[in-house]
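Each chain, written out:
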Amino acid sequence: MDKMWAGRFQKALDKEADDFNSSIHFDCRMYKQDIIGSIVHAKMLSDKGIISSDEKEEIINGLSGILEDIENGNLSFDMNAEDIHMFVESELTKRIGDAGKKLHTARSRNDQVALDIRLYLANECEEIGKLILNLIKAIKETAEKNTDAIMPGYTHLQRAQPITFAHHILTYAFMLKRDFDRIEDAVKRMMSASPIGSCALAGTTYNTDRYFEAEHLGFSGISLNSIDGVSDRDFCVELLSAYSILMMHLSRFSEEIILWSSWEFKFCELDDSYTTGSSIMPQKKNSDMAELVRGKTGRVYGDLMALLTTLKGLPLAYNKDMQEDKEAIFDAVDTVKKCLSIFAPMISTMKTNKANMYKAAGEGFINATDLADYLVKKGMPFRTAYKHVGEIVGFCIKNGYVLENLPISEYKNFDSSFEDDLYTEISLETCVNKRISAGSTGPQSVKTQIEYFTELLNEKGIY
Ligand code: ARG
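I will try to describe carefully the structure that is included in this document. In every chain, residue numbers begin from 1 and rise along the written sequence. Only residues with pLDDT of 70 or above have their local features reported here, since the model is predicted, and side-chain atom pairs are shown and tallied only from 80 upward, although totals for entire chains, interfaces and linings are computed over all residues. Only hydrogens and water are set aside; all other atoms, that is, all heavy atoms of the structure, feed into the side-chain values.

1. A look at the overall build of the chain
- To qualify as a helix, a DSSP run of H or I must reach at least 4 residues; to qualify as a strand, a run of E must reach at least 2; elements of each kind are numbered from the N terminus. A count of helices and strands for the chain gives 20 helices and four strands.
- Against the globule reference of 23 Å for 463 residues, the chain gives a C-alpha radius of gyration of 30 Å, more extended than a compact globule.
- Overall size of the chain, expressed as C-alpha extent along the three principal axes, is 100 × 50 × 45 Å.
- Using a 1.4 Å probe on the protein chains alone, a residue whose accessible area is under 20% of its type maximum counts as buried, one over 50% counts as exposed, and one in between counts as partly exposed. A burial count over the chain gives 50% of its 463 residues as buried.
- If you take every contact in the chain between residues at least 6 apart in sequence, the share linking residues at least 24 apart comes to 76%. Throughout, the radius of gyration refers to the C-alpha atoms, and the reference size of a globule is 2.2 Å times the residue count to the power 0.38. Working rule for contacts: check all heavy atoms of both residues, and any pair within 4.5 Å makes them a contact.

2. Section: the site of the ligand
- Near the ligand you find Ser23, Asp27, Asp83, His85, Arg109, Asn110, Val113, Tyr318, Gln323 and Lys326, and these make up its full shell.
- All accessible-area figures derive from a Shrake-Rupley calculation using a 1.4 Å probe, and residue coverage is judged against the displayed protein chains alone. If the ligand stood free it would expose 340 Å²; the protein chains cover 86% of that surface. If a single non-hydrogen atom of a residue is within 4 Å of a molecule or strand, that residue counts as near it.

3. Quick look at the environment of Pro443
- Here Pro443 shows up in helix H20 (residues 443-459).
- Between the C-alpha atoms of Pro443 and Asn433, which are ten residues apart in sequence, the distance is 6.1 Å.
- When near neighbours in sequence (up to four residues on either side) are disregarded, Pro443 contacts Val432 and Asn433.

4. Some thoughts on the pattern of salt bridges
- By convention in these notes, a salt bridge is any Lys or Arg side-chain nitrogen within 4 Å of a carboxyl oxygen on Asp or Glu. A full pass over the atoms with the stated rule returns 31 salt bridges.
- The salt bridge involving Glu55 is made with Lys102; its shortest N-O contact spans 2.7 Å. Of this pair, Glu55 sits in helix H4 (residues 53-71) while Lys102 sits in the loop between helix H6 (98-101) and helix H7 (109-145); the two residues are 47 residues apart in sequence, bridging distant segments of the chain.
- A relative accessible area of 16% means that Glu55 is categorised as buried.
- Close ionic contact of Arg233 with Asp325 constitutes a salt bridge, the shortest N to O distance being 2.7 Å. With a gap of 92 residues between them, Arg233 in the loop between helix H10 (226-231) and helix H11 (234-261) and Asp325 in helix H13 (residues 324-348) connect regions that are remote in the sequence.

5. Some points on empty space enclosed by the protein
- Within this scheme a cavity is a closed region of a 1 Å grid, computed over the protein atoms alone, that accommodates a 1.4 Å probe without allowing it to escape, whereas a pocket is open but has protein on both sides within 12 Å along at least five of seven lines; lining residues each have an atom within 4 Å of a point. Grid points are joined across faces, edges and corners, and a volume is the space filled by probe spheres set on the points. For the structure shown, the criterion picks out one cavity of 30 Å³ or more.
- Within this model, the largest cavity holds a volume of roughly 30 Å³.
- Each residue belonging to the lining of the largest cavity can be placed in one class, and the counts come to two nonpolar, two polar and two charged. Following the grouping adopted for this structure description, the nonpolar residues are Ala, Val, Leu, Ile, Met, Phe, Trp, Tyr, Cys and Pro, the charged ones are Asp, Glu, Lys and Arg, and the polar ones are all others, Gly among them.

6. Observations regarding unusual backbone geometry
- The linkage connecting Leu316 with the following residue, Ala317, adopts the cis geometry, with an omega of 0°.
- Within the chain, Leu157 stands out as a residue other than glycine whose phi angle is a positive 55°.
- Secondary-structure assignment places Leu157 in the loop between strand E1 (150-155) and strand E2 (158-164).
- Judged by relative accessible area, which is 55%, Leu157 ranks as exposed.
- Even without glycine at this site, Lys266 takes up a positive phi of about 50°.
- Relative to the helices and strands, Lys266 is located in the loop between H11 and strand E3 (268-269).

7. Considerations on the packing of aromatic side chains
- Think of it this way: a Phe, Tyr or Trp ring, Trp meaning its six-membered ring, pairs with another when their centres are within 6.5 Å, and the plane angle makes it stacked under 30 degrees, edge-to-face over 60, tilted otherwise. Evaluation of the coordinates by the stated rule reveals 16 aromatic pairs.
- Where Phe265 meets Phe267, the ring centres are 5.2 Å apart and the plane angle is 80°; that geometry is what we call edge-to-face.
- The buried category is assigned to Phe267, whose relative accessible area is 1%.
- Here the aromatic cluster, defined as three or more aromatic residues joined through ring pairs, consists of Tyr374, Tyr411, Phe418 and Tyr423.
- For a ring to carry a charge above it, either NZ of a lysine or CZ of an arginine must fall within 6 Å of the ring centroid while also lying within 35 degrees of the normal to the ring plane. For the cation-ring pair, Arg383 lies above Tyr386, with the distance from its terminal atom to the ring centre recorded as 4.9 Å.

8. Section: the packing of H11 against H13
- Put simply, H11 and H13 touch, their axes get as near as 10 Å, and they point 30° apart. Taken together, the axis directions place H11 and H13 in an arrangement best described as roughly parallel. Every pair of crossing elements has a handedness; the one defined by H11 and H13 is left-handed. Residues Cys236, Leu239, Leu240, Tyr243, Leu246, Met247, Leu250, Phe253, Ser254 and Ile257 of H11 pack against Ala328, Ile329, Ala332, Val333, Val336, Cys339, Leu340, Phe343, Met346 and Ile347 of H13.
- A class-by-class count of the residues in the contact of H11 with H13 yields 19 nonpolar, one polar and no charged. Geometry is summarised by axes, namely lines fitted to C-alpha atoms with helices restricted to the contacting stretch, and by angles between N-to-C directions that run from 0 to 180 degrees. Small angles under 35 degrees read as roughly parallel and large ones over 145 as roughly antiparallel, with 65 to 115 read as roughly perpendicular and the rest as oblique. If you view the pair so one helix is near and one far, a crossing is left-handed when the near helix is turned anticlockwise from the far one by less than a right angle, and right-handed when it is turned clockwise.

9. Some details on the pairing of E2
- Two strands are said to pair when DSSP picks up at least two bridges between them. In the sheet, E1 pairs with E2 via six bridges, with the strands oriented antiparallel. Within E2, the position partnered with Met151 by the bridge is Ile163.
- Between E1 and E2, which follow one another and run antiparallel, lie two residues, and His156 among them has a positive phi close to 55°.

10. Observations regarding the layout of surface pockets
- In this model, the largest pocket occupies a volume close to 440 Å³.
- Around the largest pocket sit 20 residues that line it, and Ser261, Ser262, Trp263, Lys266 and Lys285 are the ones nearest its centre.
- Those elements that place two or more of their residues in the lining of the largest pocket are H11 and E3.
- Among the residues forming the lining of the largest pocket, the class breakdown is five nonpolar, eight polar and seven charged.

11. A word on a nonpolar patch on the surface
- Patch membership is restricted to residues that have no salt bridge and whose relative accessible area is over 30%. Joining uses 9 Å for like charges and 5 Å for the nonpolar side chains Val, Leu, Ile, Met, Phe, Trp and Tyr. A surface patch of nonpolar side chains, about 280 Å² in accessible area, is lined by Leu201, Ile227 and Leu316.
- Relative to the elements of secondary structure, Leu316 occurs in the loop between helix H12 (288-311) and H13.
- Under the relative-accessibility criterion, Leu316 is labelled exposed at 68%.

12. Some details on the packing of H7 against H20
- One way to put it is that H7 packs onto H20 with a least axis distance of 10 Å and a crossing angle of 145°. Where H7 crosses over H20, the two elements pack in a sense that is left-handed. Residues Leu133, Ile136, Lys137, Lys140, Ala143 and Glu144 of H7 form the contact with H20, whose own contacting residues are Ile450, Phe453, Thr454, Leu456 and Leu457.
- Here the residues of the contact of H7 with H20 sort into seven nonpolar, one polar and three charged.

Right under this line is the structure:
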């Protein structure tokens with residue numbers, strides 16, 4: 001295929017160099033955004049008297065035809081084209097002749113590509129937002145079914161204090177809500193500066209209307225500096241960072257699901273449809289989906305690092321290095337979408353084993369803090385109570401007791417203020433139910449958390 005820029009050259013581009021240079025095999029996915037951007041550009045050119053109204057009509061009809069043909073499979077991308085922008089323009093010229101050659105007036109591929117990625121990502125982020133909300137919904141519904149499931153809460157992966165499974169799992173919903181907000185915020189910033197009309201780097205001598213284009217393409221403003229317009233890829237880095245944080249959350253969640261599904265824990269069981277077997281060990285039921293999500297987190301971090309490294313040290317304005325932005329961001333978008341869509345049904349079909357959680361919570365002196373608080377309520381300073389309970393725990397370990405079955409006579413050897421009521425005070429149910437501080441594992445707080453997400457999901461139209 002003859003290059004549009006071929007005029008200046010004596011020789012054709014070497015075949016291997018041509019392939020190396022070409023981005024159509026990955027930027028073809030932005031065909032729709034490229035065409036929509038071009039339609040708005042043609043309208044602006046005609047409004048400003050730069051092309052005629054007839055030419056505008058021809059261009060718009062031509063572009064709409066191309067879009068339709070791509071979408072219904074009647075036009076396939078020419079993989080010999082340099083990129084999606086060149087492909088659309090040359091296809092247009094093939095179809096409508098001279099008017100097609102006027103489309104590229106007062107723009108460049110540099111502002112065009114900066115526009116297309118933004119439009120593409122805005123769209124993908126909306127999808128990602130919905131997937132996040134769906135996962136939040138799955139978590140919330142799981143929490144609702146497990147408000148009475150008492151389990152050990154951990155610090156240092158050592159049993160620490162009793163909590164409910166609802167409280168534990170809702171933590172991930174809060175993480176995901178922040179991810180949702182972070183992405184929304186990054187999109188808002190990305191869509192506040194339309195780059196189109198920055199042209200190659202310095203703007204143009206034509207009397208264009210960049211505000212018209214920005215408004216018709218869903219931007220709230222334009223880039224006020226044309227060099228920044230074509231050089232900025234901060235929005236890609238911001239989104240990759242937000243995706244990385246999101247993946248880090250999914251990875252932590254995955255890790256817990258893998259642990260909880262193990263024979264050692266048996267707190268939950270993933271549905272058969274989201275687990276795999278082993279080719280050699282007949283007893284195995286593996287949490288492959290969760291493991292893959294955990295694994296793919298590294299891949300998204302890699303995308304972030306790749307782009308940061310690509311951009312580091314780039315002089316202004318456009319450099320071809322920047323073509324590398326797309327594979328990184330596309331890979332991250334695809335990965336995040338796949339992980340989120342597999343995660344939601346994996347969670348909603350997951351069964352919890354409340355009896356095993358309860359049993360684990362009953363072992364390991366998880367109510368020691370509550371025993372200390374019991375003494376504090378009788379008037380002892382906390383630090384003194386803490387010391388007493390430490391000694392009692394030591395005694396129990398040595399003599400084969402747990403706090404629940406250590407006889408009152410033994411308790412009284414440590415402090416005379418111990419009474420029979422201590423046993424109800426340190427029961428797992430009391431430990432959980434008496435947690436009344438805002439945000440705690442207590443039932444009122446968990447109810448508030450669930451209501452918060454019910455409201456959020458209603459507000460966002462997720463039912
Ligand atoms: N395919 C290019 C990219 O993705 C489009 C911009 C090309 N601009 C240029 N001056 N060669 O970055």
